[in-house]
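Examining the three-dimensional arrangement
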Amino acid sequence: MAWRNNLKWSVRKTWLYPSRNVGVQTSPYLVKDTTKLSYIHGTSDKPLLGMTIGQLLQSKANLHPDREAFVFHKAGVRWTYGQLNQKCDELAAGYLRLNIGRGDRVAVLAPNVPEYILSQYALARIGAVMVCINPGYKECELAYALNKVGCKAIVAAESFKAHDYHGTLSAINPEMERCVPGELDSKRCPNLKTVIIISEKSHPGTYRFQDVLGTGHGSHINDVHNLQSKLNVDDGINIQYTSGTTGHPKGVVLTHHNVVNNAYFSGKRMGHHEKPSRHCSPYPLFHCSGLTFGSLLAVANGGTLVLPAPSFDPVATLEAAEKERCDALSAVPTMYIDMLKQAKKKEYDLSRLQTGIIGGAPVPEELSIRIRERLNLTDLTLTYGLTECSPAIFQCPIDCPVELKHRSVGMPGDHVEVKIRNERGDTVPLGEVGEICVRGYNVMKEYWGDPQKTREAKDEDGWFSTGDLGKLDENGYGYVMGRIKDMVIRGGENIYTAEIEQFFHTHHKVDDVHVVGVPDERLGEELCAFVRLHKDTTATEDEMRHFGRSRIAHFKVPKYMFFTKEFPMTASNKVQKFRLQEIAIRLLEENDIGRERTSGV
């Protein structure tokens, strides 16, 4: 079985967290199966929240109108809950004036800027579906994302760093140059009608974001308010793209109910429900973690979210945590590694920090210890989850025994069921390894427009198959062992190798290519490609990387490349990827490659 091959790989990476008898008391949240099978149910002393995102924001604005909701540290922008609610209503009214309404898909392509947060809540207020676009996407990837879910509109930054988003949209939709704003007739993206650019400048065929915000008033604001009672908590409200085994991204549809509750109960595990927190989060807002653990977690628990900079910057993050007197800090392991390096160069007053979240990639025990000691995050909570689960499945409570804070991913979230099953579909005994399966409020609604993939992932009883290997100990703590699916997590980014392989197959010199993940100290994993060229052709690593950089997101370009004439095969002529992983590790170790090169492609 493929999962057994990947198990060997996970142990070699030391992702195996052994269950140890450390005198842990059974969790008060836990109801265990008396048959000692690997099934547990995260109970709760709090009911699920039955409200939409718009209703959530309105309730906090009513309760705490003068409390800070969002602080954009580098931009110097601050909003109270009252100000945020008013601005979101005005923007929502502006969207209604543009004939954007309930159920319409609206893409958002931007770094962590104020306009992103406004769009998130304004679109939710009118029941439109926000489609999160990775800012690293190139032309073909963006066009696919827009068409996959039939986006009617897009809100995009004009540019950021090396990315010219307006230029990319113009290349995809040259009709923009001569169309009336809101009446785009694109051959390549036939559903796309409205392009809104975050810019001081006006561009042909587009609206300026500030003008849309400025036109929202009067009767349209009344329409926004009247809509609230008509929206359903089970409506899809957000689409997150995650790669699939076919190599094409799948659109994960998340509902109000999914993300509002995941945000609230993730914050509850950190004690944020008991007092307002000032939470520093450099997570990108397009990512499910940025949406839930960042933006919504703060609002759901009545706290303040501090966004350090438009994109991750370790200096800006530590400065924001210090100057904004934050008591929580959340990030992926790679970000924490960079912050630890910066903290060695300069001393920061992080005395108020206490808790936060780390997840999105395997967390080595040594890294967990360093974060707690050097960044003062004594109550840091490890999490495990997936985009399809909103994303948190497991999370350590802040009172988790110290021995388990470094090894386990905690217990199932409140109101979440977990079981571990074998390849036959049977629930395994406690302590045995199998596939992690999840059922509960946090499981996605569907994969957009793909009922077959939805049925493959979520059975008729509501159990979602994560494709990840794990186990449960007798006290209800979970341990993640590796992945069944052929996926690489590079610095928190989920990358399916099939997508990379299909792309490199378009190179005229490539006969066959297979991509695997190899361990990396900073990013957790890096991509390594084995390339077989057509007969009588030659190529270099630089040539292949240049081909990739010009057409796909930088994080999808393999850091390591080996040219080969053959691949290890099974008797049924399938490539043995676990053997390729072993070969790659051996070659890198023998040649001492990558020891110091940790900056990525």
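To be clear, the structure that these remarks concern was listed above.
Residues numbered from 1 in each chain as written. Predicted model: local features only at pLDDT ≥ 70, side-chain atom pairs only at ≥ 80, totals over all residues. Heavy atoms only, no water.

A short note on the environment of Ala75
With respect to the element layout, Ala75 can be found in the loop between strand S3 (68-72) and strand S4 (77-80). Between the C-alpha atoms of Ala75 and Ala309, which are 234 residues apart in sequence, the distance is 7.5 Å. (Helix = DSSP H or I, 4+ residues; strand = E, 2+ residues; numbered from the N terminus.)

Some points on a positive patch on the surface
A cluster of basic residues, Lys341, Lys344, Lys345 and Arg374, forms a positive patch at the surface. The leading source of residues in the positive patch is helix H12 (residues 333-345), at 3 residues. Looking at the secondary structure, you find Lys345 in helix H12. Judged by relative accessible area, Lys345 falls into the exposed class, the value being 70%. (Patch = residues over 30% accessible without salt bridge, like charges linked within 9 Å, V, L, I, M, F, W, Y side chains within 5 Å. Areas by Shrake-Rupley, 256 points an atom, 1.4 Å probe, with all protein chains shown as cover. Salt bridge = Lys/Arg side-chain N within 4 Å of Asp/Glu carboxyl O. Lys, Arg positive; Asp, Glu negative; His and termini not counted. Charge placed at Lys NZ, Arg CZ, Asp CG, Glu CD. Buried < 20%, exposed > 50% of the residue type's maximum accessible area, 1.4 Å probe, protein only.)

Some thoughts on the pattern of salt bridges
Applying the stated criterion across every chain, the model contains 32 salt bridges. A salt bridge links Arg102 to Asp235; its shortest N-O distance comes to 2.9 Å. Here Asp235 lies in the loop between helix H8 (219-227) and strand S10 (236-243) and Arg102 lies in the loop between helix H3 (81-97) and strand S5 (105-109), a separation of 133 residues in the sequence. When its relative accessible area of 42% is taken as the criterion, Arg102 is described as partly exposed. Since its relative accessible area comes to 22%, Asp235 is described here as partly exposed. Residue Asp414 is joined to Arg269 by a salt bridge in which the shortest nitrogen-to-oxygen separation is 3.2 Å. Here the residue Asp414 occupies a position in the loop between strand S18 (411-412) and strand S19 (416-421), and Arg269 occupies one in helix H9 (residues 256-269), the gap between them amounting to 145 residues. On the accessibility criterion, Asp414 (2% relative accessible area) is buried.

Topic: H12
Relative to the 18 Å expected for 13 residues at 1.5 Å per residue, H12 spans 19 Å between its end C-alpha atoms, a close match to the ideal helical length. Inspection of H12 places Pro333, Thr334, Met335, Tyr336, Ile337, Asp338, Met339, Leu340 and Gln342 among the buried residues, and these make up the whole buried set. In this structure, the buried side of H12 is in contact with helix H11 (314-323), strand S14 (328-329), strand S15 (355-358), helix H13 (365-374) and strand S16 (379-385). (Expected span 1.5 Å × (residues − 1). Contact = heavy atoms within 4.5 Å.)

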